[in-house]
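Close look at the chain arrangement
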Amino acid sequence: MTKSQETTYDLVVFGATSFVGQILSRYLLDSYGTGQSVKWAIAGRSESKLNTLKGELGEKAKDLPVILADASDAAALNAMCEQTRVIISTVGPYALYGEPLVQACVRNGTDYCDLTGEVQWIRKMVERYEEEAKSSGARIVHCCGFDSIPSDMGVWFLQNEAEATFGKPCQDVRMRVKVAKGEFSGGTVASMMNIAKEAAADPKLRKELANPFSICPPDHRSQTRQPNLKGAEFDKTFNAWLAPFVMGAINTRVVHRSNAMQNARYGKEFTYDEAMMTGRGTKGRLAAYAITGGLAAFFTASAIKPTRWLVGKFVPQPGEGPSPEAQKAGFYDLRFVGRTEDGKTIITKVTGDQDPGYGSTGKMLGEAGMCLAFDIPAGQPGGFWTPSSLLDGKLMERLTSKAGLTFEVLETR
Ligand SMILES: NC(=O)c1ccc[n+]([C@@H]2O[C@H](COP(=O)([O-])OP(=O)(O)OC[C@H]3O[C@@H](n4cnc5c(N)ncnc54)[C@H](OP(=O)(O)O)[C@@H]3O)[C@@H](O)[C@H]2O)c1
């Protein structure tokens, strides 16, 4: 059972003042207005910052309600959840600030979605709150931004097409980032540095982060070895050099959880990995080695105290991110290759307009929240879902008609 439509708010954006929260708030305002068909509010810890944001959003936002709540104030979070059907949170790093809100949503049967890519935190939330979410009816959907909607919905789309064309799903799927034009924000860098720091201090956590099934239910831990690109490699399918893709560490986990949540629809032996294409020839090879080295240097330097402060000096600070022009100029193009166990092949493509991490992420997160609020029947049980396993074709329709994404089959053979 979920909350009735009589609740004061359909949606609340918690962390509306964050870099991505501001983009999201503007998107919701431009797309859905305020106080009309969608009753929504902005929320956060600072009244003055929220009012400044309202001013920046302009005349259209004059009636937009403001809710004050600190991420550590259980009573304020509870009061916010009581009057809301869906909370969208952009307050991160989630491993530092996120748990009290998840707890409040679960207790109140309030649906929730966010932008976390922190596997260790998701696992902790599932372990602590899944049973309670099932009984309260709260549907919790993490990872509703560039990580991991294009990957998760991309695999879901490919498998639908494979089933329609070959009569069976693909046992092996590879995602290759052909283009991703965009920048990181301070909040994302802070989350990545926090993971590196926590992992350096905790061997058990390092093991957990290396486990492709770490956020799957215990009965869905396949023995099948998962591909895991750790260095530069040449890919014959696309005739291009590959480098590790930093978001693969979360996207692959979400895709495996989606498989589990759909009763192993992609198969018990399903394998999945992600990598970045860096081009052909010497230039492509050098770029693949440079990215591999750069990632290793970033995570090593972020893990230890003497160099962590140095990294902090050269990366965007919380609240900073790409300019509106850079967001508009950004885009991404992802390719998926699926193979069935008997060798049939399908190649698909997913694209997004605007930069992946902010312009596009703001729209995807907004539509995930809207989908939860308006498209998912109350009978759909509570618990910790993934975007594709709960929001499926309803989200696909919103992504393609409103959020600038495309999903397309390029080839089957
Ligand atoms: N999945 C994806 O594709 C994706 C893409 C982009 C970002 N992200 C993630 O989204 C999160 C936000 O990123 P960002 O760059 O937009 O972050 P940001 O600009 O640094 O903003 C952080 C937000 O958290 C709020 N906050 C911090 N402590 C709080 C507290 N105690 N109580 C209430 N609010 C508090 C801040 O409020 P004040 O404004 O009052 O300081 C601010 O609104 C990060 O975790 C990032 O990793 C994910």
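Residues numbered from 1 in each chain as written. Predicted model: local features only at pLDDT ≥ 70, side-chain atom pairs only at ≥ 80, totals over all residues. Heavy atoms only, no water.

Brief notes about the overall build of the protein chain
Note the cut-off: Helical segments are the DSSP runs of H or I of at least four residues, strand segments are the runs of E of at least two, and each set is numbered from the N terminus. Our radius of gyration looks at C-alpha atoms and nothing else; its globule reference is 2.2 Å times the residue count to the power 0.38. Pairs of residues are marked as contacts when any of their non-hydrogen atoms sit within 4.5 Å. Using the Shrake-Rupley algorithm and a 1.4 Å probe, accessible areas are obtained, with residue cover drawn only from the displayed protein chains. Neither His nor the chain termini are counted; the positive set is Lys and Arg, and the negative set is Asp and Glu. Charged side chains are reduced to one point each, which is NZ for Lys, CZ for Arg, CG for Asp and CD for Glu.
The helix and strand tally for the protein chain stands at 15 helices and 14 strands. The globule rule puts the C-alpha radius of gyration for 413 residues at 22 Å, and the 21 Å found for the protein chain is close to it. Counting only C-alpha atoms, the protein chain reaches 55 × 50 × 40 Å along its principal axes. Summarising the internal contacts of the protein chain: among those between residues at least 6 apart in sequence, 77% fall at separations of at least 24. A total of about 17300 Å² of accessible surface is found on the protein chain, and carbon and sulfur atoms cover 53% of it. Averaged over its 48 positive side-chain charges, the protein chain has a centre that lies 5 Å from the centre of its 46 negative ones.

Things to note about the sheet that holds strand S9 (residues 240-244)
The condition that has to hold: Strand pairing is assigned whenever DSSP identifies at least 2 bridges connecting the two strands. For helices, the axis comes from a line fit to the C-alpha atoms of the stretch in contact; other axes are also lines fit to C-alpha atoms, and the angle between any two N-to-C directions lies between 0 and 180 degrees.
Read from one edge to the other, the open sheet built from 7 strands follows the order S8-S9-S10-S7-S11-S12-S14, with strand pairing classed as mixed. Two strands close off the open sheet at either side, each with one partner strand: strand S8 (233-235) and strand S14 (405-412). Each neighbouring strand pair of the sheet contributes to a mean axis angle of 35°, computed without reference to strand direction. As paired elements, strand S12 (residues 345-353) and S14 share 7 bridges and run antiparallel to each other. Within S14, the residue paired with Ile347 across the bridge is Glu411.

Looking at the pattern of salt bridges
Put simply, the rule is: Put simply, a salt bridge is a Lys or Arg side-chain nitrogen that is within 4 Å of an Asp or Glu carboxyl oxygen. Exposed residues in this analysis have more than 50% of their type's maximum accessible area, buried residues have under 20%, and partly exposed residues fall in between, with area computed by a 1.4 Å probe over protein chains only.
Applying the stated criterion across every chain, the model contains 24 salt bridges. For Arg174, the salt bridge goes to Asp172, with nearest N and O atoms at 3.2 Å. Judged by its relative accessible area of 14%, Asp172 is buried. Here Asp273 makes a salt bridge to Arg176, at a shortest N to O gap of 3.2 Å. Residue Asp273 is located in strand S10 (residues 271-279), and its partner Arg176 is located in strand S7 (residues 172-181); the two are separated by 97 residues in the primary sequence. Here the two residues Asp273 and Arg176 agree in accessibility, since each one is buried. Residues joined by salt bridges that share partners form a network here, namely Asp172, Arg174, Arg176, Asp235 and Asp273.

Brief notes about the packing of helix H14 (residues 356-374) against helix H15 (residues 387-401)
The criterion, for reference: What sets the label is the angle itself: under 35 degrees gives roughly parallel, over 145 gives roughly antiparallel, 65 to 115 gives roughly perpendicular, and the rest give oblique. The sense of a crossing depends on the near helix, which, turned anticlockwise from the far helix by less than a right angle, makes the crossing left-handed and, turned clockwise, makes it right-handed. In this classification, Asp, Glu, Lys and Arg are treated as charged, Ala, Val, Leu, Ile, Met, Phe, Trp, Tyr, Cys and Pro as nonpolar, and every other residue, Gly included, as polar.
Relative orientation of the contacting elements H14 and H15 amounts to 125°, with a least axis distance of 10 Å. Between H14 and H15, the angle is such that the two are oblique. You can see that H14 and H15 cross each other, and the crossing is right-handed. Contact with H14, carried on its side by Met364, Glu367, Ala368, Met370, Cys371, Leu372 and Phe374, involves Leu390, Leu391, Lys394, Leu395, Arg398 and Leu399 of H15 and no other residues of that element. Residue composition of the contact of H14 with H15, by class: 10 nonpolar, no polar and 3 charged.

Side note on helix H5 (residues 99-108)
Buried within H5 we find Leu101, Val102, Ala104, Cys105, Val106 and Asn108. With its phi angle positive at about 65°, Gly109 sits one or two positions after the end of H5.

Re the pairing of S12
Counted residue by residue, S12 has 8 buried out of 9 residues, so it is predominantly covered. Here strand S11 (residues 331-339) pairs with S12 via 9 bridges, running antiparallel. Across the sheet, Asp333 pairs through a bridge with Thr351, a residue of S12. Counted between consecutive antiparallel strands, the loop separating S11 from S12 contains 5 residues, among which Gly343 sits at a positive phi close to 90°.

Structural notes on the nonpolar core
Just so we agree on the cut-off: By convention a nonpolar core is built from buried Ala, Val, Leu, Ile, Met, Phe, Trp, Tyr and Cys residues, the set being connected through side-chain atoms within 4.5 Å. Where each domain begins and ends follows an automated or database-derived domain assignment.
The biggest cluster of nonpolar side chains holds 102 residues, and the ones touching the most others in it are Phe14 and Met80. The two domains that each donate at least three residues to this core are domain 1 (3-144 + 360-401) and domain 2 (149-355 + 404-412). Ignoring anything within four residues of it in the chain, the contact list for Met80 reads Val12, Phe14, Ala43, Ile67, Ala69, Ile87 and Leu101.

Structural notes on the sheet that holds strand S4 (residues 84-89)
Reading across the sheet, the 7 strands line up as S3-S2-S1-S4-S5-S6-S13 and stay open at both edges, with parallel pairing between neighbours. Strands with a single pairing partner mark the edges of an open sheet, and in this sheet they are strand S3 (66-68) and strand S13 (383-385). The average angle at which neighbouring strand axes cross in this sheet is 20°, direction not considered. Note: strand S2 (residues 40-44) against S3, 3 bridges, orientation parallel. Of the residues in S3, the one forming a bridge with Ala43 is Ile67.

Considerations on the domain arrangement of the protein chain
Condition: Here the quantity called buried area is the accessible surface, traced with a 1.4 Å probe, that two parts lose on coming together, added over both.
The domain boundaries assigned to the protein chain delineate domain 1 (3-144 + 360-401) and domain 2 (149-355 + 404-412). Just the C-alpha atoms count here: the centres of domain 1 and domain 2 sit 24 Å apart. If you look at the interface, domain 1 gives 32 residues, while domain 2 gives 40 residues. In total, domain 1 and domain 2 occlude about 3000 Å² of area from one another, counting both sides; carbon and sulfur atoms represent 66% of this. Taken together, the links from domain 1 to domain 2 amount to 3 salt bridges. Ionic pairing is found between Glu130 and Arg257, a salt bridge with its closest N-O pair at 3.4 Å. Of all the elements in the fold, those that place two or more residues in the side of domain 1 that touches domain 2 are helix H1 (19-32), helix H4 (94-97), helix H6 (119-136), H14, S13 and H15. Per-element accounting of the side of domain 1 that touches domain 2 gives the leading share, 9 residues, to H15. Tallied by class, the residues present in the side of domain 1 that touches domain 2 amount to 18 nonpolar, 9 polar and 5 charged.

With respect to the environment of Asn259
Stated precisely, the cut-off is as follows: Each polar contact in these results corresponds to two N or O atoms within 3.5 Å; when the atoms are within protein, one needs to be able to donate a hydrogen and the other to accept it, and residues that are neighboring in sequence are counted only if both atoms are side-chain atoms.
Along the chain, Asn259 falls in helix H10 (residues 248-261). Its relative accessible area of 1% is what places Asn259 among the buried residues. Sequence-distant contacts of Asn259, that is, excluding residues within four places in its chain, are made with His220, Ala264, Arg265, Tyr266, Gly267 and Phe270. A distance of 3.1 Å separates a polar atom in the side chain of Asn259 from the backbone nitrogen of Arg265.

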